[in-house]
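Reading the structure
Listed below, chain by chain, are the residues.
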Amino acid sequence: MSVVVLCSAHGAPGVTTSALALAWVWPAARPGRRVLLVDGDPAGSGLLTGYLSGGVPRDAGVSILAAGRPPLSADQLVGCCVALDADATRMVLPGVLDPVQARPLAPMWGSLLSAARDLSDQGVDVLVDAGRVGHHHEPRVLVTEADLVAVVVRGDVSSVAPSAAAVRALMAERKGRHAPVALVVDASGYSSGQIRAALGVTEVLSLVRDDWTAHQFALGATSGWRFERSPLLRAAHATAARIADLVPERTAVTS
Ligand SMILES: Nc1ncnc2c1ncn2[C@@H]1O[C@H](COP(=O)(O)OP(=O)(O)O)[C@@H](O)[C@H]1O
Ligand SMILES: [Mg+2]
């Protein structure tokens, strides 16, 4: 496992919340692995205005990373992250609040991808919240070259229908790599089979609609029995395990 990108093609289906939920359960779903969540939405971070709204250290974040000279090392990448727990089994690389700040990041994404692959060899998988595809300053190289891309949709016609073209474009762009998959946040409207057919994907991952837990994430109130046993985290656990099945462990290159 190495780099998994979550993105959307329409609306606000829940990319940030889904990425957080997956990151939250990752060390439990993938024993022995840690996780780094890259907050890469160029339209403005959903984490800094939600989960991380309590503030982040001044020396953390993508902009600090971009100010360094390439190539980036895995240590530099980790050095700009915020640990979410004492053992740093979950880390977040905070993004930008203002889309204007996304522009200078463009040259950095390629180096971040190489650093992420090195990090993966050290036992850290990397999830990316890439926001909505098509933004001028999006982390395109991550979307194109990630080991897996999941297009997040709500299971209703207004979310699924406009996402089909984006899936087709990703399919063409990622030729030779794993085909894009769908991640359905609330499949109450469509069956998996219908979503597969409507989007032209072969794999549909799913989470559940869980207003309370989504809200707790937005508040950064992520503790307690009710939270840990919530429907969203249980679904995320199963989906994290499925993602790991889809994307085999990378073999570290040794010289
Ligand atoms: N699984 C879910 N269950 C219920 N509400 C959700 C879920 N995922 C996201 N939401 C809610 O949907 C809204 C948009 O979510 P967000 O993750 O910010 O979307 P995006 O990153 O795609 O813009 C927020 O109010 C969030 O709380
Ligand atoms: Mg978001």
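Here, every reference points to the structure presented above.
The text that follows walks through the structure, step by step, so that each part is easy to find. (Residues numbered from 1 in each chain as written. Chains lettered and ligands numbered in written order. Predicted model: local features only at pLDDT ≥ 70, side-chain atom pairs only at ≥ 80, totals over all residues. Heavy atoms only, no water.)

**Details of the site of ligand 1**
Keep this limit in mind: Consider each residue's heavy atoms; a residue with any of them within 4 Å of a molecule or strand counts as near. Identification of polar contacts relies on pairs of N or O atoms within 3.5 Å, with a donor-acceptor requirement for protein atoms, meaning one able to donate a hydrogen and the other able to accept it, and with residues adjacent in sequence counted only if both atoms are side-chain atoms. Note on areas: Shrake-Rupley, 1.4 Å probe, and residue coverage restricted to the protein chains presented here. Comment: elements are numbered from the N terminus, with helices defined as DSSP H or I runs of at least four residues and strands as E runs of at least two. Only Asp, Glu, Lys and Arg are considered charged in this grouping, and only Ala, Val, Leu, Ile, Met, Phe, Trp, Tyr, Cys and Pro are considered nonpolar; every other residue, Gly among them, is considered polar.
Among the 14 residues in the neighbourhood of ligand 1, the closest are listed as Val15, Thr16, Thr17, Val208 and Asp210. For ligand 1, an oxygen atom lies 2.6 Å from a polar atom in the side chain of threonine 17. Computed on the free molecule, ligand 1 has an accessible area of 550 Å², of which 71% lies beneath the protein chains in the complex. Of all elements in the fold, only α1 (15-29) and α9 (211-219) reach the threshold of two or more residues within the shell around ligand 1. Broken down by element, the residue count for the shell around ligand 1 peaks at 3 residues, all from α1. When its residues are assigned to classes, the shell around ligand 1 shows 7 nonpolar, 3 polar and 4 charged.

**Some remarks on helix α4 (residues 108-121)**
Quick reminder of the rule: The length a helix should cover is 1.5 Å for every residue beyond the first. Throughout, exposure labels follow a simple rule: accessible area from a 1.4 Å probe, protein chains only, divided by the maximum for the residue type, with under 20% read as buried, over 50% as exposed, and the rest as partly exposed.
Its 14 residues place the ends of α4 20 Å apart at the C-alpha level, agreeing with the 20 Å of an ideal helix rising 1.5 Å per residue. Along α4, 10 of the 14 residues are buried, which leaves the element largely enclosed by surrounding structure. Every buried residue of α4 is listed here: Met108, Trp109, Ser111, Leu112, Leu113, Ala115, Ala116, Arg117, Leu119 and Ser120. Two residues or fewer after α4 comes glycine 123, characterised by a positive phi angle close to 95 degrees.

**Topic: α9**
How we decide: It is the directions from the helix axis to the C-beta atoms that the arc portrays. Throughout, a contact is declared for two residues whenever any of their heavy atoms are within 4.5 Å.
Among the residues of α9, those classed as buried are Thr213, Gln216 and Phe217. The arc that holds the buried residues of α9, viewed along the axis, is 100 degrees, so those residues lie on one side. Looking at the buried residues of α9, the elements they touch are α1, α10 (225-228) and α11 (231-246). Positive backbone phi, at 75 degrees, marks glycine 220, one or two positions downstream of α9.

**Quick look at the state of the cysteines**
The bond known as a disulfide is covalent and runs between the sulfur atoms of two cysteines. The condition is simple: The rule for a disulfide is simple: a pair of cysteine sulfur atoms within 2.5 Å.
Within this structure, the stated rule accounts for 0 disulfides. The closest cysteine sulfur to the non-disulfide-bonded cysteine 81 is located on cysteine 80, 7.1 Å from its own sulfur.

**Considerations on the pairing of strand β2 (residues 34-39)**
Selection criterion: What makes two strands pair is DSSP finding at least two bridges between them.
For β2, a buried count of 5 out of 6 residues is recorded, marking the element as mostly surrounded by other parts of the structure. For β2 and strand β5 (residues 124-132), the ladder comprises 6 bridges, and the chain directions are parallel. Paired with leucine 37 across the bridge in β5 is leucine 127. Across 4 bridges, the pairing between β2 and strand β4 (residues 90-93) is parallel. What sits directly across from valine 38, in β4, is leucine 93.

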